[in-house]
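Summary of structural features
One-letter residues, chain by chain:
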Amino acid sequence: MPEYICSECGKRYPIEPFLYLCPECSKKQKENEPLHGVLLVSPDQEQFERFRKVGDPLSLLPVEREHFPDIPVGNTPLFHSKNLSEYTGFKNLYIKNDTLNPTGSLKDRASYLVSGFARKMGIEEIVLASTGNAASSMAGIGASAGQKITIFVPEDAPEAKLVQCRQYGADVKVVPGDYDRAYSLALEYADKQRALSRNTAHNPLTIDGKKTVSIEIFLQMGRMPENVFVPVGDGVIIAGVYRGFEDVVNAGLSSRMPKIFGVQAEGSDGICRIYETGSFEYRKPSTIADSISVGIPRNGYLAAGFLKKYKGECIRVSDDEILKAQIILSQKTGVFAEPSAAASLAGFLKVKERISGNESVVLLITGSGLKDIKSAKRALERFG
Ligand SMILES: *Cc1c(COP(=O)(O)O)cnc(C)c1O
């Protein structure tokens, strides 16, 4: 059986619906800091065997195929863009286009697993806080599964994301205040209603669901890439990316991990600061890239820990660099990404002089530009 394993103390637990954090390590939790006792899913040997045989990333998830919603998620294209290669001087440069998920962002990978798990456990309501994409994703995937979805969003979430949630029929509660406030309210609500929490990092399946993206990258390339650029807000995607590559190594299909560059906005760089100083200090976030704008990066300790363990780097980009990268990505590749997703390219452009031009590079493009037209307009006014 797959199990939960605590990322801090290593203790193992059975996978149960209302167990979210390690009961021991979460005692250390203080207010206004990243989560302690984040649990990881550890697949069993049978799953690794099946994966080696059939090469299906879903076989490494802790939910059986029959429970997943009908709507297909993942299996997004990995492609080489000649224009972007010429522009950057990197011939082995690839785009992993996760804007092509059903609701337009990589978040669908996590929603898909959480939805399937709720169905397996007979839980009918799922609740979460989100700045937008996790919400619209859970709303859409939940709609396809016929589940009740309740969402807490901060009042400054981009309009398209809210409209998208309502289109899918979710119960949207707009919260006066920021994402951190919405996060606490969602947890209170989940507790009271006995609904499944899909709060990012809090529910271990939000990390595990996202690992399919790196397993796909490995399968699509037929080998481990050398460098991967990942935008980082709460640090859940990057942890999922590490977990997926670890699964590939643990399945015996590769002996090395890629170098991963976590890219944060200058005005929301909590994980870079944990990585550099070893400790967290709250700062009010400020960036145009709403999906990576967080004051308390919920998965900050784990994400910084992975970066340390595998000698990754945490880098910062300015809003101008992000908006410029958004336009370059659109005009060189035809992929219109939201600012948070364009941060991958912005990060790569910033450090590419330090990477050998022969190495392979994958840019993870996490969400569609149509989700935030206001920022895209601003990018055009400044750099178009
Ligand atoms: C959520 C999100 C991110 C950041 O992921 P974290 O897990 O918060 O680090 C990046 N890009 C997009 C489009 C997202 O929706």
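Now for a description of the structure that goes with this document. Computed from a prediction, not measured in an experiment: that's the story for all the values here.

For the rest of this paragraph, the subject is the state of the cysteines. Across all of its chains, the model carries one disulfide by this definition. At a sulfur-sulfur separation of 2.4 Å, the disulfide partner of Cys272 is Cys314. Here Cys272 and Cys314 share a disulfide; its torsion about the S-S bond, -85°, makes the bridge left-handed. A residue pair is termed long-range when its members are at least 10 positions apart, and Cys272 in helix 10 (residues 270-277) and Cys314 in strand 12 (residues 313-317) qualify at 42 residues.

This brings us to the pairing of strand 13 (residues 361-365). Counting buried positions over the five residues of strand 13 gives five, a clear majority of the element. Residues of strand 13 alternate between two faces, with Val361, Leu363 and Ile365 on one and Val362 and Leu364 on the opposite face, all of them buried. Pairing of strand 5 (residues 93-97) with strand 13 involves five bridges; the strand directions are parallel. The partner of Ile95 across the bridge, within strand 13, is Leu363. Direction of pairing for strand 10 (residues 227-231) relative to strand 13: parallel, over a ladder of three bridges. Its bridge partner being in strand 13, Asn227 is matched across the sheet by Val361.

Every other side chain in a regular strand lies on the same face of the sheet, so the side chains alternate between the two faces. Burial along strand 3 (residues 39-42) is two-sided: Leu39 and Val41 facing one way and Leu40 and Ser42 facing the other are all buried. Note: strand 1 (residues 3-6) against strand 3, four bridges, orientation antiparallel. Following the sheet pairing, Tyr4 is matched in strand 3 by Val41.

Below, the discussion takes up unusual backbone geometry. The phi angle at Asn32 is positive, at roughly 55°, despite the residue not being glycine. As for its position among the elements, Asn32 is in the loop between strand 2 (12-13) and strand 3. The class for Asn32 is partly exposed, based on a relative accessible area of 48%.

Turning next to the sheet that holds strand 9 (residues 196-197). If you walk across this open sheet you meet the four strands as 8-7-6-9, and the pairing is parallel. Every other strand in the sheet has two partners, leaving strand 8 (171-175) and strand 9 as the edge strands with one partner each. One ladder, built from two bridges, connects strand 6 (residues 125-129) with strand 9; its direction is parallel. Its bridge partner being in strand 9, Ile126 is matched across the sheet by Leu196. In the packing of helix 5 (residues 159-167) onto the sheet, contacts are made with strand 7 (148-154) and strand 8, and the angle to strand 8 comes to roughly 150°.

Looking now at the nonpolar core. Counting residues in hydrophobic clusters, the biggest one holds 97 residues, and the most contacted among them are Ile151 and Phe152. Considering every element that reaches this core, the biggest residue donor is helix 9 (residues 236-250), with eight residues. Core analysis: the second largest hydrophobic core is formed by 29 residues, Phe90, Ile95, Leu329 and Ile365 among them.

Now for the site of the ligand. Around the ligand there are 15 residues in total, and Lys107, Gly233, Asp234, Gly235 and Thr366 lie nearest to it. Between the ligand and Gly233, the relevant distance is 2.7 Å, taken from an oxygen atom to a main-chain nitrogen or oxygen of the residue. Contact between the ligand and Gly235: an oxygen atom at 2.8 Å from a main-chain N or O atom of the residue. Here the ligand loses 97% of its free accessible area of 380 Å² to cover by the protein chains. Among the residues forming the shell around the ligand, the class breakdown is five nonpolar, seven polar and three charged.

Conventions used here
- Residues numbered from 1 in each chain as written.
- Predicted model: local features only at pLDDT ≥ 70, side-chain atom pairs only at ≥ 80, totals over all residues.
- Heavy atoms only, no water.
- Disulfide = S-S within 2.5 Å.
- Helix = DSSP H or I, 4+ residues; strand = E, 2+ residues; numbered from the N terminus.
- Buried < 20%, exposed > 50% of the residue type's maximum accessible area, 1.4 Å probe, protein only.
- Pairing = 2+ DSSP bridges.
- Contact = heavy atoms within 4.5 Å.
- Axes fitted to C-alpha atoms, helices over the stretch in contact; angles between N-to-C directions.
- Core = buried A, V, L, I, M, F, W, Y, C linked by side-chain atoms within 4.5 Å.
- Near = heavy atom within 4 Å.
- Polar contact = N/O pair within 3.5 Å; in protein donor to acceptor, adjacent residues only side chain to side chain.
- Areas by Shrake-Rupley, 256 points an atom, 1.4 Å probe, with all protein chains shown as cover.
- Nonpolar A, V, L, I, M, F, W, Y, C, P; charged D, E, K, R; others polar.

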